[in-house]
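Tertiary structure, described
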Amino acid sequence: QVQLVESGGGLVQAGGSLRLSCAASGSTFSSYSMGWFRQAPGKEREFVAAITWNGGRTYYAESVKGRFTISRDNAKNTVYLQMNSLKPEDTAVYYCARPIRPGLVITTTPCPTCLWGQGTQVTVSS
């Protein structure tokens, strides 16, 4: 059974940076696109970024364009989210997700068929 495990969250001051990682178990990681989503207290989960199976295309929410970068290392079964110029409004639990089948790229929520990690907390202080 494939599992996704996020790490790298923490507390950072506004303007700072963090890099999130999402490690996937199993041998099929390189066949799937991957995505990052976030959920702030009292708000719905929202799309942040996505990357195709080979890293050839990336997608970003308008709110993070130019500040966040998604990347992946298929040899390590890991997808990353580099977050720069963080703002207090970036505070949320960040989740990585995998669509139900290869070829799909998920850029909207909800995604009840997606495989989700447990999330990692990012807190940006002002």
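Helix and strand content of the chain: zero helices and eleven strands. Going from N to C terminus, the chain has its helices and strands arranged as β-β-β-β-β-β-β-β-β-β-β. Scaling as 2.2 N^0.38, a compact globule of 126 residues should have a C-alpha radius of gyration of about 14 Å, and the chain matches this with 13 Å. A principal-axis box enclosing the C-alpha atoms of the chain has dimensions of 40 × 30 × 25 Å. Going through the 126 residues of the chain one by one, you find that 43% of them count as buried. As displayed, the chain offers around 6,500 Å² of accessible surface, 49% of which is attributable to carbon and sulfur atoms. Charge-centre separation for the chain: the mean point of 12 positive side chains lies 6 Å from the mean point of 7 negative side chains.

Mapped onto the elements, T78 comes out in strand β8 (residues 78-83). Placed 57 residues apart in sequence, T78 and S21 show a C-alpha to C-alpha distance of 6.6 Å. Other than its neighbours up to four places away in sequence, T78 contacts S21, C22, A23, F29, R72 and D73. One polar contact links the side chain of T78 to the main-chain carbonyl oxygen of K76, over a distance of 2.8 Å.

The next thing to look at is the sheet that holds strand β7 (residues 68-73). Overall, antiparallel pairing links the four strands, which are arranged β1-β3-β8-β7 in an open sheet. Every other strand in the sheet has two partners, leaving β1 (4-7) and β7 as the edge strands with one partner each. Taking the axes of each pair of neighbouring strands and ignoring which way they run, one obtains an average angle of 15° across the sheet. Sheet topology note: the strand β3 (residues 18-24)/β8 ladder contains six bridges and is antiparallel. If you follow S21 over to β8, its bridge partner there is Y80.

Turning next to the pattern of salt bridges. Under the defined criterion, the tally for this structure stands at four salt bridges. With its nearest N and O atoms 2.6 Å apart, the salt bridge here joins R38 to E46. Between R67 and D90 there is a salt bridge whose closest N-O contact spans 2.7 Å. Note that R67 is positioned in the loop between β6 (58-60) and β7 and D90 in the loop between β8 and β9 (92-98), a separation of 23 residues in sequence. Of the residues examined, D90 reaches a relative accessible area of 1% and is grouped as buried.

We now examine the state of the cysteines. In this structure the tally under the stated criterion is two disulfides. Across a sulfur-sulfur distance of 2.0 Å, C22 and C96 are joined as a disulfide pair. Its S-S torsion of approximately 55° makes the covalent link between C22 and C96 right-handed. Linking C22 in strand β3 with C96 in strand β9, this pair joins segments that are 74 residues apart in sequence. In terms of burial, C22 and C96 fall into one category: buried. Along the chain, the cysteines engaged in disulfide bonds are linked according to the scheme 1-2, 3-4 when indexed in sequence order.

The rules behind each value
Residues numbered from 1 in each chain as written. Predicted model: local features only at pLDDT ≥ 70, side-chain atom pairs only at ≥ 80, totals over all residues. Heavy atoms only, no water. Helix = DSSP H or I, 4+ residues; strand = E, 2+ residues; numbered from the N terminus. Rg over C-alpha atoms; globule rule 2.2 N^0.38 Å. Buried < 20%, exposed > 50% of the residue type's maximum accessible area, 1.4 Å probe, protein only. Areas by Shrake-Rupley, 256 points an atom, 1.4 Å probe, with all protein chains shown as cover. Lys, Arg positive; Asp, Glu negative; His and termini not counted. Charge placed at Lys NZ, Arg CZ, Asp CG, Glu CD. Contact = heavy atoms within 4.5 Å. Polar contact = N/O pair within 3.5 Å; in protein donor to acceptor, adjacent residues only side chain to side chain. Pairing = 2+ DSSP bridges. Axes fitted to C-alpha atoms, helices over the stretch in contact; angles between N-to-C directions. Salt bridge = Lys/Arg side-chain N within 4 Å of Asp/Glu carboxyl O. Disulfide = S-S within 2.5 Å.

In short, the description is geometric, and any link to function would need to be established separately.
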